[in-house]
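As a plain string of letters, each chain reads:
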Amino acid sequence: MGKIVKDRGAQENSVTPVKRQPTTGETMSLKIGIDVGGTFTDFLVAWGHKEPEIFKVLSTPHDLSTAVMQGLNEIAAAQDPATSVGDLLGAVDTIVHGTTVTTNATLTRTGAKSGLITTKGVRDALQMRRGVREEQYNNRYTNVEPLVPRYLRVGVGGRLRRDGHEIEPLNEQDIDRAIELFKKENVEAISICFMNAFANPVHEQQAAERVRKALPDTYLTVSTDLLSAIRFYERISTTALNSYVGPILNDYLEQLTGRLEQDGFLGLLLIMQSNGGVMAPDVARQGAALTLLSGPAGGPGAGLAYAKAHDQEKCIVMDMGGTSFETALVVDNPIMANEGTIDRHRIALPMLGIHTIGAGGGSIGWLDEGGLLRVGPKSAGADPGPACYGRGGTLPTCTDANLVLGYLNPDFFAGGKIQLDVAAAREAIAEHVAKPLNMDVETAAAGMYRVACTNMAQGVREVTIKRGFDPREFPMIVAGGAGPIHASLICEELGIPLQLAPRESSILCAVGMLMADLKHDFVRTFVARLNTVNWEALQGMIREMIAEGAGLLDAEHIPEQQRDFRIKFDCRYLKQYHEVSFGIAQANIDARDTKAIELDFHKEHNRLYGYSLEEQSVPVDLINVRVQAIGMTDKPAFAVQERVAPDPSATLKGERAAYIPDDRKFRTIPVYDGHQMRHGHHLAGPAIIEQITTTIFVGDSFNCLVDKFGSFALYKKGRDDLIASALNGVQP
């Protein structure tokens, strides 16, 4: 939670809950996690005295808050006895909300009309970027359209050296001319970003003061308040992104908090942010870009919690929803990235290292110019949705293929709330895939299934092999409504022998939101040769950053024993261009142990790139210092089930024909009721396990054991040792 950067001229953020803010020491009787996706909006209701409840409703793209309130009404109606939404919300202590509002605004180019004030002579940096074309050999590949048009990018006089020394005073007349232009053009948001301001924010603060005075109701982002770090393009792009989505998020939060207050919500509303932590709505309003990956950010933390429940400190998390597929790597903690892109726009804020592709249940199957079968990235979304939904969709999707292949029960989708139309699914696949390829519908559906799984397996390689990790050494935490149907084939392709599908698999991100801690990220540039660094200055700056984080945790009533501060350095070898970010032990900083810090850098560089220059004694340069302040929150506990006999026959619902990828043909296989299965139940694949919100396909080469937490552990046949080591000795 909190700003990415707090600098010497930055103002404090206020942390204001909707109405009241309980401390972490209070007993949390009721928490609700809400994850708004492109197709479904997921809810996890965590009671203090009974098992969590899962709810899903279709998202409402025209107004995402409508689906949120609809879901809350359904939760209230489902209670025994039924209650009003007002009574329900009156009992809620905390709502943690992950939203795709800013993501959608960026992807659909529906953000605010924005202006930019920057240093004279560099206003085109936003358009020139790094001067590197993403597709190097595609001569027709065009640059991404900047979020701020050129006529609203204004250069002003004033210049600072790289050390922050003023060369030329800020030209306030230029600032006033920019303000007049923005007034005339009805600009909704303004960004201020000057060269070398990371070393001295005084010019930006002077400009911001004049803008606030002249345009007090206009959304304003000052780069050194958001990202006080070296590299001008990354800073100006991040600042422009924040302003572009800021008014959109402001309006959404205003609408949502208004509806919640109107219906009697008295608790604490927290917003999920891209780094896996949570923040108050007021902080989110100021740093809207912090939410650009808010939706999927809960998944890795939840995956780690399920892995830790089985003495695992690392895992791969995959989440296949209705619109997209996300995957992330967890090694002790979720892997972080210091920068990334969204719709080809650079963003340099700390975020979870989540890789996303367009491969969800609603992903559309189509043929390219060469007649090859493709699946995604386009999606049917929630409206009209897959053809089998009967809502007007006519294009074949993954869900349609899964229905034709027998993985889905047309009478039990979403517990029977949505009746699936098999004939419509077959017609869509026949018209757009089977007939053009001169094959039958079942073969075409199997092809769509395999292509989608291959795409997702490649996504997993992006977060493992490309980062120096072997996916075969990690258990896979499988999530999303569609994920457990595809996971067996994905694991087969990657050689992963163990997968875990939590009972709450379909809403893993909502689970993760309730497990998220309060987080504040700070970064400052400190350029120095590591072996000759000024330790007095470096330690002083680190103490300042920790003190700022502690101040924010004080405001949130986080006790001392529930705080943690993590320090990272961004370093590189002499004459390298890109840095490597790695964790630093506080003991090494206290001892000023340069050798130990250099050794940590060499190890991380070797892990990432397969070599280090330690033996050559190449100097190491320090570029940035990062501090993350963490306030640990109360989290829902895992309920341990009593063990039952291995035979699951009492939970058998019946049988049906389903496609077996190993045999490339249909077989009649058993179907089990996942809600009735308990700890100790064991079955051999192939089989299907049905729950209201998800379906698990146990591949022919896997067995399945229900663990003591009610999760479904799928492991390779003949590898009972995986169960012994991963599930605390529980044997089938």
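As shown above, the structure is provided for reference.
Rules used throughout
Residues numbered from 1 in each chain as written. Predicted model: local features only at pLDDT ≥ 70, side-chain atom pairs only at ≥ 80, totals over all residues. Heavy atoms only, no water. Helix = DSSP H or I, 4+ residues; strand = E, 2+ residues; numbered from the N terminus. Rg over C-alpha atoms; globule rule 2.2 N^0.38 Å. Buried < 20%, exposed > 50% of the residue type's maximum accessible area, 1.4 Å probe, protein only. Areas by Shrake-Rupley, 256 points an atom, 1.4 Å probe, with all protein chains shown as cover. Lys, Arg positive; Asp, Glu negative; His and termini not counted. Charge placed at Lys NZ, Arg CZ, Asp CG, Glu CD. Pairing = 2+ DSSP bridges. Axes fitted to C-alpha atoms, helices over the stretch in contact; angles between N-to-C directions. Expected span 1.5 Å × (residues − 1). Contact = heavy atoms within 4.5 Å. Core = buried A, V, L, I, M, F, W, Y, C linked by side-chain atoms within 4.5 Å. Salt bridge = Lys/Arg side-chain N within 4 Å of Asp/Glu carboxyl O.

Looking only at helices and strands, one finds 19 helices and 35 strands in the chain. For 732 residues, the compact-globule estimate of 2.2 N^0.38 gives 27 Å, and the C-alpha radius of gyration of the chain, at 26 Å, lies within 12% of that figure. Here the chain, with 732 residues, has 58% of them falling under the buried criterion. Of the roughly 28900 Å² of accessible surface on the chain, 49% is carried by carbon and sulfur atoms. The average position of the 73 basic charges and that of the 89 acidic charges among the side chains of the chain differ by 5 Å.

The sheet built from four strands is open, its strands ordered β29-β30-β32-β33 with mixed pairing. For this open sheet the edge positions go to β29 (652-660) and β33 (695-698), each flanked by a neighbour on one side alone. When the angles between neighbouring strand axes are averaged without regard to direction, this sheet yields 30°. Relative to β33, strand β32 (residues 687-690) runs antiparallel, the two sharing four bridges. When the sheet's bridge partners are listed, I688 is paired in β33 with F697.

Now for helix α18 (residues 594-609). The periodicity of an α-helix, 3.6 residues per turn, causes residues three or four positions apart to be oriented the same way. In this model, α18 (16 residues) spans 22 Å end to end at C-alpha, consistent with the 22 Å of a helix rising 1.5 Å per residue. The set of residues buried in α18 consists of T594, A596, I597, E598, F601, H602 and H605. Contact partners of the buried residues in α18: α16 (535-555), β26 (563-573), β27 (580-584), α17 (586-590) and β28 (620-631). Within two residues after α18, G610 carries a phi angle of roughly 85°, on the positive side.

Moving on: the sheet that holds strand β10 (residues 219-222). The strand order across the open sheet built from four strands is β6-β5-β9-β10, with neighbouring strands paired in parallel fashion. Every other strand in the sheet has two partners, leaving β6 (153-156) and β10 as the edge strands with one partner each. Pairs of neighbouring strands in the sheet enclose a mean axial angle of 20°, with direction left out of account. In the packing of helix α6 (residues 202-214) onto the sheet, contacts are made with β5 (114-119), β9 (189-193) and β10, and the angle to β10 comes to roughly 175°. Along the sheet, helix α8 (residues 232-262) contacts β5, β9 and β10; its crossing angle with β9, the most-contacted strand, is approximately 160°.

Turning to the nonpolar core, a few remarks are in order. Judged by nonpolar contacts, the single largest core of 70 residues is most densely connected at I429, M476, I689, V698 and F712. Per element, the largest residue contribution to this core is eleven residues, and it comes from helix α13 (residues 441-463). Filtering out sequence-adjacent residues up to four positions away, M476 remains in contact with I316, M318, V460, I490, C491, I496, L498, Q499 and L500. Ranked by size, the runner-up nonpolar core spans 61 residues in total, among them I354, I477, A528 and V620.

All right, on to the pattern of salt bridges then. Evaluation of the coordinates by the stated rule reveals 40 salt bridges. Between R130 and E234 there is a salt bridge, and its shortest N-O distance comes to 2.8 Å. Of the two residues, R130 sits in the loop between α4 (125-128) and β6 while E234 sits in helix α8, which places them 104 residues apart along the sequence. Take R130: its relative accessible area is 38%, and that puts it in the partly exposed class. With a relative accessible area of 7%, E234 lands in the buried category. Here R667 ties to D700 by a salt bridge, and the two come within 3.5 Å at their closest N and O atoms. Separated by 33 residues along the polypeptide, R667 in strand β30 (residues 665-673) and D700 in the loop between β33 and β34 (702-706) bring together distant segments of the chain.

As far as function goes, none of this settles anything; it's purely spatial.
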